[in-house]
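# Working through the structure, step by step
One-letter residues, chain by chain:
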Amino acid sequence: MNIEEQLWGASLLPCDEAGRAAYRTYLKPYVAKLLTAIGLDVTYHRGAGDWLYYLDDAGCERRVLDMIGGFGASLFGHNHPELVARAQAVLTHQRPMLVQASARSYAGLLAQRLAEMVAASTGHLYIVTLTNSGAETVEAALKHAELTRQERIQSFIDGQQRMLRKIRLGISTGAVTLPDKLFDQAAALLDVADIPDLDVLHFCLTEHNLEQLQEDTSYLAIVGSFHGKSSGAVKLTHSPDFRKPWHHLGIQVNFLPRNQVDAVWSAVTAATVICYELAIGDDGVVQINPTTWSRIVGCFAEPIQGEGGIHELTSAFLGALRTAADQAHFPLILDEIQSGMGRSGTLLAAEASGVAGDYILLGKALGGGLAKQGALLVRADQYIEEFGYLHTSTFAEDDFSAAIGLAALDLVTRDQGALLQGCREKGDYLLQRLRALQACYPQVIREVRGRGLMIGVELIPQHDSASNLLRVVSEQNLLGFLTCGYLLHEEGIRIAPTLAANSTIRLVPSAFIQERELAHFCAAFERAVAAIARANAHTLTRHIAGWQAGDEAVPQQFDFCEKPNFSPSPRKPTTRRVACIAHFIEPADLLHWDPMLAPLSSAACSQLLDKTHVVLDPFLADQARIDGPWGEQVEVGVVGLPFTAAQIMAHIRRGDGATVREQIEAAVDLAKGWGATLIGFAGYTSIVTNNCQLLVEDSVGLTSGNSLTAAAALAALRRSACAASIDLATARLGIVGGAGNIGRVLAECMVNEVPQLTLIGRPGAERRLQRLADELKRQGATVMPQVSTDLADLQSCNLIISATNAPEPILCADHLGAHPTVLCDVAVPGDATPDLATCRPHVQVIKGGIMHLPHQQELTIRGMALAQGEAYACLAEVILLGLAGIREHFSYGPLRAERVQQIGALAEQYGFGVKVRTL
């Protein structure tokens with residue numbers, strides 16, 4: 001019997017594996033992919049105190065130290081016994097949950113307790129509104145602030161209406177007089193044509209005042225703030241990632257730079273407007289007096305910012321906000337949803353500054369880790385009683401949540417605030433250990449921040465890491481996530497980055513965590529930091545790759561460069577930039593790109609890419625400078641895609657080529673942003689884009705690179721045939737992949753050089769092959785080319801070019817004849833099995849489509865497993881076109897024989913040579 005059956009019974013809950021699969025499909029597909037990519041897709045089935053438990057693939061229970069603490073909600077740990085007992089008691093006694101429109105005793109007691117505790121902290125009495133969540137608490141605060149402003153405006157308007165009646169009455173009795181030029185002065189002041197009488201004057205003043213007070217109102221929030229993701233709260237959240245999709249919704253917000261006092265006053269000044277009011281002077285003469293109002297509705301601030309990266313607001317800054325709110329008559333709203341309830345070492349984090357909010361927002365820990373609950377506290381002298389009727393909720397104030405909240409407050413206040421003291425002491429210990437670690441690894445840890453048990457460790461992006469993977473992960477803001485995955489699987493510790501600052505690791509454990517557990521975390525975190533410092537990508541990623549101790553590394557065969565490989569010549573002002581979009585050919589190429597991943601096996605490399613390509617964006621893999629023979633120079637950048645050839649084909653075969661195309665389109669944008677004027681497409685990128693034709697692009701030139709690939713293959717074939725004493729005039733040439741773009745143009749180029757052609761394609765390609773054969777016959781083929789889908793028909797060929805897009809080898813020894821044969825394998829990855837030449841010694845297998853650069857310049861592109869100075873022809877074509885100053889589309893759509901001849905001649909002119917490599 002498994003653990004679920006032991007605890008709940010077989011029929012009550014579905015198994016975790018089925019639930020996890022449903023989560024991926026029906027609940028949060030993108031989030032599930034992200035969790036899978038970084039190794040956090042774990043289903044916990046049990047939690048107790050500071051520990052969580054899950055079953056590994058072998059069915060063994062694993063224990064994990066939880067340092068996330070429910071993003072601050074698990075202040076008391078998981079399933080605290082007293083809170084569980086309170087929950088059980090409420091259910092056992094059958095307390096009704098949904099009895100709205102009644103006097104709900106537990107809710108009343110919770111509100112009283114909160115008001116008393118906050119009054120002791122701030123010196124002010126508050127009225128409480130209970131909510132279901134932190135985000136709803138923020139929404140309630142927005143609504144109360146707006147209601148307050150509207151009531152204040154209405155009071156001002158009503159006061160002016162009363163003043164108008166008073167003036168009329170005074171005029172009728174002779175106690176009040178109107179100055180002679182009052183109406184003329186008012187017309188000039190309000191910029192209206194004419195004001196004939198007192199009623200029109202009052203009307204114009206009211207219109208002006210309402211326009212000033214109602215238009216362009218806004219809230220203030222702080223850079224780095226996070227107040228939730230509901231429609232109002234998300235507008236107060238600073239991160240553009242969360243705000244931008246909803247920028248048309250709701251309120252306007254101005255974000256103040258964190259801890260910059262001058263910015264507070266600048267914002268208040270900018271939001272100040274002038275209104276005018278009628279008044280009666282001491283002499284009985286009617287006056288128009290100016291009065292200042294603020295368009296600020298309210299100011300939201302977290303005393304310690306949580307999701308923004310654990311930043312504490314200074315006392316001076318909070319004090320300035322308090323003074324500004326008092327002077328400009330808007331509420332200061334302190335969001336203590338994550339920092340309150342004692343986590344910072346005091347009941348409210350703002351206590352350290354001596355600043356009290358007009359509104360105080362609580363949540364997360366108020367639910368004790370069992371209930372979903374929040375609370376808005378509004379100062380009693382500012383509370384609008386009507387709000388309790390206008391803002392209601394079906395589920396807020398239920399007895400279950402309120403009872404849990406009361407028990408949670410008992411834990412906070414017990415033993416003269418021992419919990420608060422514990423948060424302070426444990427936080428001080430953790431800060432001391434982490435800051436000592438920062439001193440040891442200043443190249444990895446930028447800063448350790450926070451107070452109490454609300455701490456953030458900001459990691460430094462490893463842009464200069466010896467590990468290319470860590471460099472790319474850092475560039476894409478994923479280093480924090482990678483660190484979290486390592487700690488979970490290698491150290492049994494659960495942490496997470498903050499949502500809006502992913503380079504900051506958030507530490508918010510329970511208040512009951514023991515010092516030995518904090519020491520355990522610190523030791524484990526030091527190992528993670530040391531791995532980052534040593535660029536030990538293998539240690540940090542092997543849990544994603546499924547690596548097991550004893551897995552063998554792929555043999556290393558290449559010299560590796562830790563930095564971008566520039567030619568010795570300096571960059572010239574006239575240097576042109578070109579780019580090539582490429583992917584890994586074989587999984588083991590990942591080790592060529594980043595040798596710090598060794599000793600991952602080829603299978604492990606494949607799994608690593610398979611899991612991470614859903615979250616990794618295209619990246620600049622390498623760059624180099626190449627000089628032409630007449631002083632030209634190009635700088636070529638290789639933009640990498642996190643796929644292998646087999647993985648791209650797997651996407652295509654399951655009808656998901658759009659995923660790869662989206663990555664390619666992003667790679668094009670990256671290349672253009674880098675400054676490329678011409679972009680090439682290597683490997684399967686040309687296949688996915690239908691030879692560039694699926695890309696709508698007119699600002700840069702596009703080329704598949706296949707024209708030079710074909711030209712280089714033909715040159716290598718001719719040279720090898722001559723060396724093998726095979727006369728083209730009597731040869732039979734077999735073209736594997738004859739229906740493809742490269743195969744077709746190769747046949748067109750060779751139709752007049754060899755008397756016999758065999759065109760071979762996969763089953764289903766017969767009609768396309770026959771159309772090509774007919775066309776070749778019209779072009780002058782001596783004999784009608786043979787059409788076949790059987791590789792065994794190659795046995796009669798003594799010259800073979802293979803150019804398929806098969807992700808695995810398809811040509812073996814049985815497919816070739818017993819006579820001397822030259823096989824030019826153009827496919828990447830190769831079509832020939834590795835042992836073909838060994839099994840058929842009379843067959844010379846050469847790698848087609850490889851070139852060397854002018855003047856034997858060195859070129860080593862990390863991730864392309866070629867010898868130094870070699871380049872795939874598709875890359876060489878981009879470089880060549882850049883040197884020649886050609887910026888329009890070149891190898892675009894169907895290849896043409898004249899283009900193949902043109903690029904071949906151009907390559908010879910610029911000193912590019914064909915490399916014949918025997919496999």
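This text goes with the structure placed above it.
Computed from a predicted model, the values in this text were never measured in an experiment. (Residues numbered from 1 in each chain as written. Predicted model: local features only at pLDDT ≥ 70, side-chain atom pairs only at ≥ 80, totals over all residues. Heavy atoms only, no water.)

## Looking at a positive patch on the surface
A cluster of like positive charges, contributed by Arg653, Arg762, Arg767, Arg768 and Arg771, occupies part of the molecular surface. Among the elements that make up the positive patch, the one with the highest residue count is helix α26 (residues 766-778) (3 residues). By the secondary structure assignment, Arg767 is in helix α26. (Patch = residues over 30% accessible without salt bridge, like charges linked within 9 Å, V, L, I, M, F, W, Y side chains within 5 Å. Areas by Shrake-Rupley, 256 points an atom, 1.4 Å probe, with all protein chains shown as cover. Salt bridge = Lys/Arg side-chain N within 4 Å of Asp/Glu carboxyl O. Lys, Arg positive; Asp, Glu negative; His and termini not counted. Charge placed at Lys NZ, Arg CZ, Asp CG, Glu CD. Helix = DSSP H or I, 4+ residues; strand = E, 2+ residues; numbered from the N terminus.)

## Some remarks on the pattern of salt bridges
Per the stated rule, a full pass over the model turns up 30 salt bridges. In this structure, Arg46 and Glu61 form a salt bridge, with 3.0 Å as the shortest nitrogen-oxygen distance. With Arg46 in strand β1 (residues 44-48) and Glu61 in strand β3 (residues 61-66), this residue pair connects regions lying 15 residues apart in the sequence. The class of Arg46 is partly exposed, set by a relative accessible area of 32%. (Buried < 20%, exposed > 50% of the residue type's maximum accessible area, 1.4 Å probe, protein only.)

## With respect to the side chain of Thr612
With respect to the helices, strands and loops of the structure, Thr612 is situated in helix α20 (residues 602-612). A distance of 2.7 Å separates the side chain of Thr612 from the backbone oxygen of Leu608, its partner in a polar contact. Once residues within four sequence positions are removed from consideration, Thr612 is found in contact with Ala37 and Ile544. (Polar contact = N/O pair within 3.5 Å; in protein donor to acceptor, adjacent residues only side chain to side chain. Contact = heavy atoms within 4.5 Å.)

## Regarding the packing of aromatic side chains
One pass over the structure, following the stated rule, counts 9 aromatic pairs. Seen from their ring centres, Tyr219 and Phe300 are 6.1 Å apart, and the 55° between their planes marks the pair as tilted. Of this pair, Tyr219 sits in strand β5 (residues 218-222) while Phe300 is found in strand β9 (residues 296-301), placing the two residues 81 residues apart along the sequence. Accessibility classification places Tyr219 together with Phe300 in one group, the buried group. Considering the side-chain rings of Tyr383 and Phe387, the 6.5 Å spacing of their centres and the 85° angle between planes classify their relative orientation as edge-to-face. In this structure Tyr383 comes out as buried when scored by relative accessible area, which is 18%. Note on Phe387: relative accessible area 2%, which makes it buried. Site record: aromatic cluster; members linked through ring pairs are Phe584, Trp593 and Phe619. Over the ring of Phe71 we find Arg506; its NZ or CZ atom is 4.3 Å from the centre of that ring. (Phe/Tyr/Trp six-rings, centres within 6.5 Å; stacked < 30°, edge-to-face > 60°. Lys NZ or Arg CZ within 6 Å of the ring centre and 35° of its normal.)

## Details of the sheet that holds strand β6 (residues 253-256)
Across a sheet, strands are paired by hydrogen bonds formed along the backbone, either parallel or antiparallel in direction. Sheet architecture is open: 7 strands sit in the order β4-β14-β13-β12-β9-β5-β6, paired in mixed fashion. Every other strand in the sheet has two partners, leaving β4 (126-131) and β6 as the edge strands with one partner each. Recorded for the sheet is a direction-independent mean angle of 20° between the axes of neighbouring strands. Bridging between β5 and β9 involves 3 bridges; their strand directions are parallel. (Pairing = 2+ DSSP bridges. Axes fitted to C-alpha atoms, helices over the stretch in contact; angles between N-to-C directions.)

## Remarks on unusual backbone geometry
Note that the residue after Ala598, namely Pro599, is joined by a cis bond; omega there is 15°. Among the secondary structure elements, Pro599 is positioned in the loop between α19 (589-593) and α20. For the bond running from Val828 to Pro829, omega is 0°, close enough to zero to count as cis. Counting through the fold element by element, Pro829 comes out in the loop between β29 (821-825) and α27 (836-839). Of note in the backbone geometry, Ile310 takes a positive phi value of approximately 60° without being a glycine. Residue position: Ile310 is located in the loop between β10 (304-305) and β11 (311-312). By relative accessible area, Ile310 is classed as buried at 0%. Unlike most non-glycine residues, Asn691 shows phi in positive territory, near 60°. Within the fold, Asn691 resides in the loop between α23 (685-688) and β24 (701-703).

## Looking at the sheet that holds β1
The strand order across the open sheet formed by 4 strands is β1-β2-β3-β17, and the pairing between neighbours is mixed. Sheet topology places β1 and β17 (493-494) at the edges, where each strand pairs with a single neighbour. Of the pairings in the sheet, the one linking β3 to β17 comprises 2 bridges and is parallel in character. Bridging across to β17, Asp66 finds its partner in Arg494.

## Focus: the packing of helix α7 (residues 182-190) against helix α8 (residues 198-214)
Look at α7 against α8: their axes get within 11 Å of each other, and the N-to-C directions meet at 20°. Relative to α8, α7 is oriented roughly parallel. Pair α7 / α8 crosses with left-handed handedness. Only Leu198, Leu201, Cys204, Leu205 and His208 of α8 make contact with α7, whose side of the interface consists of Leu182, Phe183, Ala186 and Leu190. (Parallel < 35°, antiparallel > 145°, perpendicular 65-115°, else oblique. Left-handed = near helix turned anticlockwise from the far one by under 90°.)

## Remarks on the environment of Leu130
Note on placement: Leu130 falls in strand β4. C-alpha separation for the pair Leu130 and Ile544, spaced 414 residues apart in sequence, amounts to 43 Å. Sequence-distant contacts of Leu130, defined by excluding residues within four places in its chain, comprise Ala107, Leu110, Leu114, Gly374, Ala375, Ala396 and Glu397.

## Details of the side chain of His815
Mapped onto the fold, His815 is located in the loop between β28 (799-802) and β29. Once residues within four sequence positions are removed from consideration, His815 is found in contact with Leu791, Ala792, Leu794, Gln795 and Ile810.

## Details of the nonpolar core
If you look at the biggest cluster of nonpolar residues, it comprises 147 residues, and the most contacted ones within it are Met67, Leu507, Phe521, Phe525, Ile879 and Phe912. Broken down by element, this core gets its largest block of residues, 10 residues, from helix α17 (residues 515-533). In contact with Phe525, other than residues within four places in its own chain, are Leu434, Leu437, Ile445, Val457, Leu459, Thr483 and Leu487. Counting 35 residues, the second largest nonpolar core, distinct from the first, contains Leu110, Ala111, Leu348 and Ala375. (Core = buried A, V, L, I, M, F, W, Y, C linked by side-chain atoms within 4.5 Å.)

## Notes on the packing of helix α24 (residues 706-723) against helix α25 (residues 741-750)
Following both chains from N to C, one finds α24 and α25 inclined at 50°, their axes separated by 10 Å at the closest point. Comparing the axis directions of α24 and α25 gives the class oblique. In terms of crossing hand, the pair formed by α24 and α25 is right-handed. Here α24 contributes Asn706, Thr709, Ala710, Leu714, Leu717 and Arg718 to the contact with α25, which in turn contributes Ile742, Val745, Leu746, Cys749 and Met750. Residues belonging to the contact of α24 with α25 are distributed by class as follows: 8 nonpolar, 2 polar and 1 charged. (Nonpolar A, V, L, I, M, F, W, Y, C, P; charged D, E, K, R; others polar.)

Read these as layout, nothing more, since geometry by itself doesn't imply function.
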